[in-house]
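Per-entry structural report
Residue-level listing of the chains:
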Amino acid sequence: VYEDGTPAKDPTIINKEYGKTYEIVSPKIPGFTADIPTVEGIVGHDDIHVVVTYYANTYTLTIKYVDEKGNALIENYQAQLKFGEAYNVKTPNVPHYKPVQKKETQWITGTMPAHDHVITVVYTPINEKLTTIDDPITPLGITVNLNVKP
């Protein structure tokens, strides 16, 4: 069973003679770990009932924030999530940059797979036009004649 009590696999039933040994390896289920990897023992007079519980594994979600050359712009986001757990992470603002892909402009959402997961958000520089003033006396090249004669 899973940790919430729902069935994980059909029960395994074996018939063995009294005094004989038995060994049953718990089936593998991607993203889960069995609390009893192998059920084993010696057959007695009474029936044996063993419940194997499967617990969701924990994996690492990493979100990288990089420029178009792969250089890190800010610290990675990391979280430990159980297999099947949903995530919803807001894409941070990076000064002077914007995300390249529009779908990643606000939120990164998904469900944790049965392995560590890395997502990369690529940012591109925002084209900001800066005006350089070379001549502080006539900024922006504008000349004003204040000697007005009537």
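As shown above, the structure is provided for reference.
Residues numbered from 1 in each chain as written. Predicted model: local features only at pLDDT ≥ 70, side-chain atom pairs only at ≥ 80, totals over all residues. Heavy atoms only, no water.

1. Concerning the sheet that holds strand 8 (residues 97–99)
In spatial order, the strands read 6-5-10-8; together these four strands make up an open sheet with mixed pairing. Lying at the two open borders of the sheet, with one neighbouring strand each, are strand 6 (77–82) and strand 8. If you compare each strand with its neighbour and ignore which way they point, the axes differ by 30 degrees on average. Where strand 5 (residues 58–67) and strand 6 come together, six bridges link them in antiparallel fashion. When the sheet's bridge partners are listed, Thr60 is paired in strand 6 with Gln80. (Pairing = 2+ DSSP bridges. Helix = DSSP H or I, 4+ residues; strand = E, 2+ residues; numbered from the N terminus. Axes fitted to C-alpha atoms, helices over the stretch in contact; angles between N-to-C directions.)

2. What about the nonpolar core?
In this structure, Leu61 and Ile63 are the most contacted members of the largest nonpolar core, which totals 14 residues. Among the elements of the structure, strand 5, strand 6, strand 7 (86–90) and strand 10 (117–125) are those that each provide at least two residues to this core. In terms of residue count, strand 5 provides more of this core than any other element does, four residues in total. Sequence-distant contacts of Ile63, that is, excluding residues within four places in its chain, are made with Asn76, Tyr77, Val89, Ile108, Ile119 and Val121. With eight residues, the next largest nonpolar core counts Ile29, Ala34, Val39 and Val52 among its residues. (Core = buried A, V, L, I, M, F, W, Y, C linked by side-chain atoms within 4.5 Å. Buried < 20%, exposed > 50% of the residue type's maximum accessible area, 1.4 Å probe, protein only. Contact = heavy atoms within 4.5 Å.)

3. Some points on unusual backbone geometry
Backbone geometry at His96 places phi at a positive 70 degrees, although glycine is not the residue there. Checked against the element boundaries, His96 lands in the loop between strand 7 and strand 8.

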